[in-house]
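# Structure assessment
The chain contents come next:
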Amino acid sequence: MKSLDAADLAAFLERQPLVVDVRSPVLFRQGSLEGALNIPTAEIQQGQHQLPKDRPILLVCERGIQSELAGLYLEADGYGEVYHLAGGLNALKR
């Protein structure tokens, strides 16, 4: 899994990755990246998702901790191009 800095986000989004917010539905409804799907970390851990393996996936959360954990689960499940936003959505606010 690769970490992506907030400064590099705009350029990376031009690649049209699948953006997945791994926070709870309550936090997701309070705001996320435009076009993001909401699949909490626990669902990713349990394999309760239909994420494609042939597309880059960008995982986001509040501080970058849950997204990194979710990325490790996806990598263990054979996903190759997985990224997480270092510092999470908080890093974008700074």
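Look up: the structure comes first, before these words.
What counts, and where the lines are drawn
- Residues numbered from 1 in each chain as written.
- Predicted model: local features only at pLDDT ≥ 70, side-chain atom pairs only at ≥ 80, totals over all residues.
- Heavy atoms only, no water.
- Salt bridge = Lys/Arg side-chain N within 4 Å of Asp/Glu carboxyl O.
- Buried < 20%, exposed > 50% of the residue type's maximum accessible area, 1.4 Å probe, protein only.
- Helix = DSSP H or I, 4+ residues; strand = E, 2+ residues; numbered from the N terminus.
- Contact = heavy atoms within 4.5 Å.
- Pairing = 2+ DSSP bridges.

A few words now on the pattern of salt bridges. Per the counting criterion, the structure on display carries four salt bridges. Here Asp21 makes a salt bridge to Arg23, at a shortest N to O gap of 2.8 Å. Overall, Asp21 belongs to the buried group, its relative accessible area being 0%. Glu62 is paired through a salt bridge with Arg23; the nearest N and O atoms lie 2.7 Å apart. Taken together, the residues Glu62 in the loop between β4 (57–60) and α4 (65–76) and Arg23 in the loop between β2 (18–21) and α2 (25–29) connect sequence positions 39 residues apart. Glu62 sits in the partly exposed class, given a relative accessible area of 25%.

A few words on the environment of Ile39. Looking at the secondary structure, you find Ile39 in the loop between β3 (37–38) and α3 (41–45). Separated by eleven residues in the primary sequence, Ile39 and Gln50 place their C-alpha atoms 10.0 Å from one another. If we ignore the near neighbours within four places in the chain, the residues touching Ile39 are Val20, Asp21, Val22, Ile44, His49 and Leu51.

As summarised here, the arrangement of the five strands in space is β1-β5-β4-β2-β3, forming an open sheet in which the pairing is parallel. Of all the strands in the sheet, just β1 (2–4) and β3 have a single pairing partner and so form its edges. One ladder, built from four bridges, connects β2 with β4; its direction is parallel. Note on β4: the bridge partner recorded for Val20 is Leu59.

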